[in-house]
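Observations on chain architecture
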Amino acid sequence: MKRMFFNACDLLGLNALFRLLHRGQVKVLLYHSIAEPGGYFNNAVSPEEFKRQLQHLKAHYNVVSLDGQGEFVGYRADRVNVLITFDDGFVDNFHVAAKLLRSAQLPATFFLIAACTHDGSPPRFVLNRLSAGEQAPAEASTMTVAQAQSLLREGMVIGSHGMHHIDYRQAAQGEGLQDATLSGADLQQSLGVPVATFAFPWGRHLPGQPQALLSTYAKVFLTSHGFNARGDRVLHRNEVADLAQMRAACSGVLDFFSGLLAPAKAIKGLSPNKLRGSHG
């Protein structure tokens, strides 16, 4: 039903109209796993779907990157600017996503869990799901330091996704901030480059934490929908599903209709920004 609605919006020209209205703003897209959906992760985007999305971005948007200080590279005031990001650093990001990005000649930022990069181990939230004696599936492995360094050489950007991917809402204020700060220092030491950006695990945080982390990071990324101004340091992100949803997310159509539906969803205890998957 949602796909039909978003396709109808595109046919009616709403995406084109909203692109004009949001010129000069920055839309940040959030991906996790680039693999066939319906497998271990329920919010994966298939490689073919991701390829189609990259083609759409090249045709209709200005894809930007970040420099070592967390500033936008390639920004244009006459286009909607799009930053592509990935959370968790699953190994398919290296073997599949990076290959497709390379083919499309597009950059991306990968937010890695610092402790996982030491040996490519699965994140804690994967291990916590396993039964006694059960082994984590191969697709739950993560990028190593060597693989992350390879992405850096290709012009990709590495950011922090926490030291151990903990829920910052369940930790004491200081503990969460310490985890976030240590993760950036750990990645910087391992990779030998500045780590200027941070994304909250699951997008969860306590009040004031995003602002507090601006003393450590140039930019802090959330998971709430919306556009960003060029100079923003705390940024919204839209998680990506299929092509129809991605088109609506980039143009602003998704944000517009989510805003209209927000009061009704709030009454039902729902959130228009709730992530589809169980990892973040």
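Values in this document were obtained by computation on a predicted structure and should not be read as measured data. (Residues numbered from 1 in each chain as written. Predicted model: local features only at pLDDT ≥ 70, side-chain atom pairs only at ≥ 80, totals over all residues. Heavy atoms only, no water.)

1. Things to note about the overall build of the protein
- Along the backbone of the protein there are 11 helices and 11 strands.
- A compact globule built from 280 residues would reach a C-alpha radius of gyration of about 19 Å, and the protein, at 18 Å, matches this within 12%.
- For the protein, the residues scored as buried account for 54% of the 280 residues in total.
- Nonlocal contacts in the protein, meaning residues at least 24 apart in sequence, comprise 68% of its contacts between residues at least 6 apart.
- About 12300 Å² of surface is accessible on the protein, with carbon and sulfur atoms providing 55% of the total.
- Across the protein, the 26 positively charged side chains and the 22 negatively charged ones have centroids separated by 7 Å. (Helix = DSSP H or I, 4+ residues; strand = E, 2+ residues; numbered from the N terminus. Rg over C-alpha atoms; globule rule 2.2 N^0.38 Å. Buried < 20%, exposed > 50% of the residue type's maximum accessible area, 1.4 Å probe, protein only. Contact = heavy atoms within 4.5 Å. Areas by Shrake-Rupley, 256 points an atom, 1.4 Å probe, with all protein chains shown as cover. Lys, Arg positive; Asp, Glu negative; His and termini not counted. Charge placed at Lys NZ, Arg CZ, Asp CG, Glu CD.)

2. Examining unusual backbone geometry
- Positive phi outside glycine occurs at His165, with the angle close to 60 degrees.
- Tracing the chain through its elements places His165 in the loop between β7 (157-160) and α8 (173-191).
- Taking relative accessible area as the criterion, His165 reaches 2% and is therefore assigned buried.

3. A few points about the confidence of the model for the protein
- Averaged over all residues, the pLDDT of the protein equals 92, while 92% of them reach at least 70.
- Per-residue pLDDT stays below 50 along residues 270-277; that stretch engages in 19 contacts with residues further than four places along the chain or on separate chains. (pLDDT = per-residue confidence, 0-100.)

4. Focus: helix α7 (residues 145-153)
- All of the buried residues in α7 are Val145, Gln147, Ala148, Ser150 and Leu151.
- For α7, the secondary structure elements touched by its buried residues are α4 (91-104), β6 (109-112), α5 (114-117), β7 and α8.
- Phi turns positive, to about 95 degrees, at Gly155, one or two residues after α7.

5. Describing the packing of helix α1 (residues 2-11) against helix α10 (residues 243-251)
- Where α1 contacts α10, the axes come no closer than 8 Å and their chain directions differ by 55 degrees. Considered as vectors, α1 and α10 are oriented oblique to each other. Read as a crossing pair, α1 and α10 show a hand that is left-handed. Every residue of α10 that contacts α1 at Arg3, Phe6, Asn7 and Asp10 is listed here: Ala244, Gln245, Arg247 and Ala248.
- Taken together, the residues that form the contact of α1 with α10 break down as 3 nonpolar, 2 polar and 3 charged. (Axes fitted to C-alpha atoms, helices over the stretch in contact; angles between N-to-C directions. Parallel < 35°, antiparallel > 145°, perpendicular 65-115°, else oblique. Left-handed = near helix turned anticlockwise from the far one by under 90°. Nonpolar A, V, L, I, M, F, W, Y, C, P; charged D, E, K, R; others polar.)

6. Some points on the pairing of strand β5 (residues 81-88)
- Most of β5 is tucked away, with 8 of its 8 residues classed as buried.
- Relative to β5, strand β1 (residues 26-31) runs parallel, the two sharing 6 bridges. Bridge pairing links Leu30 to Thr85 in β5.
- Of the pairings in the sheet, the one linking strand β2 (residues 62-63) to β5 comprises 2 bridges and is parallel in character. Across the sheet, the residue bridging to Val63 is Val82, located in β5.
- Here β5 pairs with β6 via 4 bridges, running parallel. Bridging from a neighbouring strand, Asp88 pairs with Leu112 of β6.
- What joins β5 to β6 is α4, and the crossover it makes is right-handed. (Pairing = 2+ DSSP bridges. Right-handed = clockwise from strand over helix to strand, strands pointing away.)

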